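Secondary and tertiary structure notes
For reference, the chains in residue letters:
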Amino acid sequence: MTHILARLSALAPMAALAVMLAAPAMAQTTPPAAPPADAPPPVVDLYTPEDAQAVLDARLIALKTVIGLTPDQTKLWDPVEAAIRQAAKNAAGRAADRAKAEPATDFLIVLERLADAEAARAQDLKTVIAAAKPLVASLTPEQKRRIPGFLGMTDRAGQPQPTLELWIFEDEQE
């Protein structure tokens with residue numbers, strides 16, 4: 001028992017030193033004061049370009065899987081994938097340009113920017129459609145049925161499908 005007490009008493013100075021060294025560090029862990037109520041929230045980039053690329057890669061793999069391509073149909077897939085990737089890249093570029101642009105000074109500038117973005121998305125969609133036509137022509141009705149919902153298209157009878165709702169253009173969403 002005296003052997004244990006001797007060992008403990010030998011450790012006491014080291015424990016005291018550890019407490020003294022830890023005290024300032026523990027004091028510094030006090031959370032910072034809350035920002036003023038009118039301060040804007042801090043900007044946190046939760047969705048990086050690398051994240052967007054990973055999500056696009058996953059969606060393309062999933063789309064190909066959802067369609068259930070046969071070996072012959074797989075040969076027609078590459079142009080479709082390339083067109084979708086280019087459309088997504090263009091959308092990200094437009095979003096980056098918009099973020100750098102001067103704020104609009106009137107509603108006509110806003111409308112002009114909207115028109116330009118819609119025209120650019122329309123051209124990208126036409127490119128995807130042209131690339132997809134040979135593949136879609138080879139698909140069964142069951143395979144075709146699976147595609148619209150997976151792309152993010154909605155089923156609103158008689159109403160147009162806004163291009164911004166398609167995940168191809170996700171980077172342009174605000």
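1. So, the packing of helix α4 (residues 77-100) against helix α5 (residues 107-138)
- Put simply, α4 and α5 touch, their axes get as near as 7 Å, and they point 170° apart. Taken together, the axis directions place α4 and α5 in an arrangement best described as roughly antiparallel. Two secondary-structure elements touch here, α4 through Trp77, Pro79, Val80, Ala83, Ile84, Ala87, Asn90 and Arg94 and α5 through Ala117, Ala120, Arg121, Asp124, Thr127, Val128, Ala131, Ala132 and Leu135.
- A class-by-class count of the residues in the contact of α4 with α5 yields 12 nonpolar, 2 polar and 3 charged.

2. Observations regarding the nonpolar core
- Ranked by internal contacts, the top residues of the largest apolar core, which has 24 residues, are Leu63, Ile67, Trp77, Ile84, Trp167 and Phe169.
- If you list the elements that add at least two residues to this core, you get α2 (49-67), α4, α5 and α6 (141-151).
- Among the elements that take part in this core, α4 stands out by supplying 7 residues, more than any other.
- Residue contacts for Trp167: discarding those within four places in its chain leaves Leu56, Arg59, Leu60, Leu63, Ile84, Phe150, Leu151 and Gly152.

3. Some remarks on α4
- The first and last C-alpha atoms of α4 sit 35 Å apart over 24 residues, in line with the 34 Å expected at 1.5 Å per residue.
- Residues Trp77, Val80, Ala83, Ile84, Ala87, Ala88, Ala91, Arg94 and Ala95 constitute the buried set of α4.
- On its buried side, α4 packs onto α2, α3 (71-74) and α5.

4. Brief notes about a nonpolar patch on the surface
- On the surface, Phe107, Leu108, Val110, Leu111 and Leu114 cluster together into a nonpolar patch covering about 510 Å² of accessible area.
- Among the structural elements, Phe107 can be located in helix α5.
- A residue is classified by how much of its surface remains accessible, and Phe107, at 59% relative accessible area, is exposed.

5. Observations regarding the environment of Ala62
- By the element assignment, Ala62 lies in helix α2.
- Taking the C-alpha atoms as reference points, Ala62 and Phe150, separated by 88 residues in sequence, lie 8.9 Å from one another.

6. Some words on the side chain of Arg121
- Its location among the elements puts Arg121 in helix α5.
- Reaching out from Arg121, the side chain makes a polar contact with the side chain of Glu118 at a distance of 2.4 Å.

7. Notes on the side chain of Gln73
- By secondary structure assignment, the location of Gln73 is in helix α3.
- Gln73 sits in the buried class, given a relative accessible area of 5%.
- Not counting chain neighbours up to four residues away, the residues in contact with Gln73 comprise Gly68, Leu135, Ser138, Leu139, Thr140 and Gln143.

What counts as what
- Residues numbered from 1 in each chain as written.
- Predicted model: local features only at pLDDT ≥ 70, side-chain atom pairs only at ≥ 80, totals over all residues.
- Heavy atoms only, no water.
- Axes fitted to C-alpha atoms, helices over the stretch in contact; angles between N-to-C directions.
- Helix = DSSP H or I, 4+ residues; strand = E, 2+ residues; numbered from the N terminus.
- Parallel < 35°, antiparallel > 145°, perpendicular 65-115°, else oblique.
- Contact = heavy atoms within 4.5 Å.
- Nonpolar A, V, L, I, M, F, W, Y, C, P; charged D, E, K, R; others polar.
- Core = buried A, V, L, I, M, F, W, Y, C linked by side-chain atoms within 4.5 Å.
- Buried < 20%, exposed > 50% of the residue type's maximum accessible area, 1.4 Å probe, protein only.
- Expected span 1.5 Å × (residues − 1).
- Patch = residues over 30% accessible without salt bridge, like charges linked within 9 Å, V, L, I, M, F, W, Y side chains within 5 Å.
- Areas by Shrake-Rupley, 256 points an atom, 1.4 Å probe, with all protein chains shown as cover.
- Salt bridge = Lys/Arg side-chain N within 4 Å of Asp/Glu carboxyl O.
- Polar contact = N/O pair within 3.5 Å; in protein donor to acceptor, adjacent residues only side chain to side chain.

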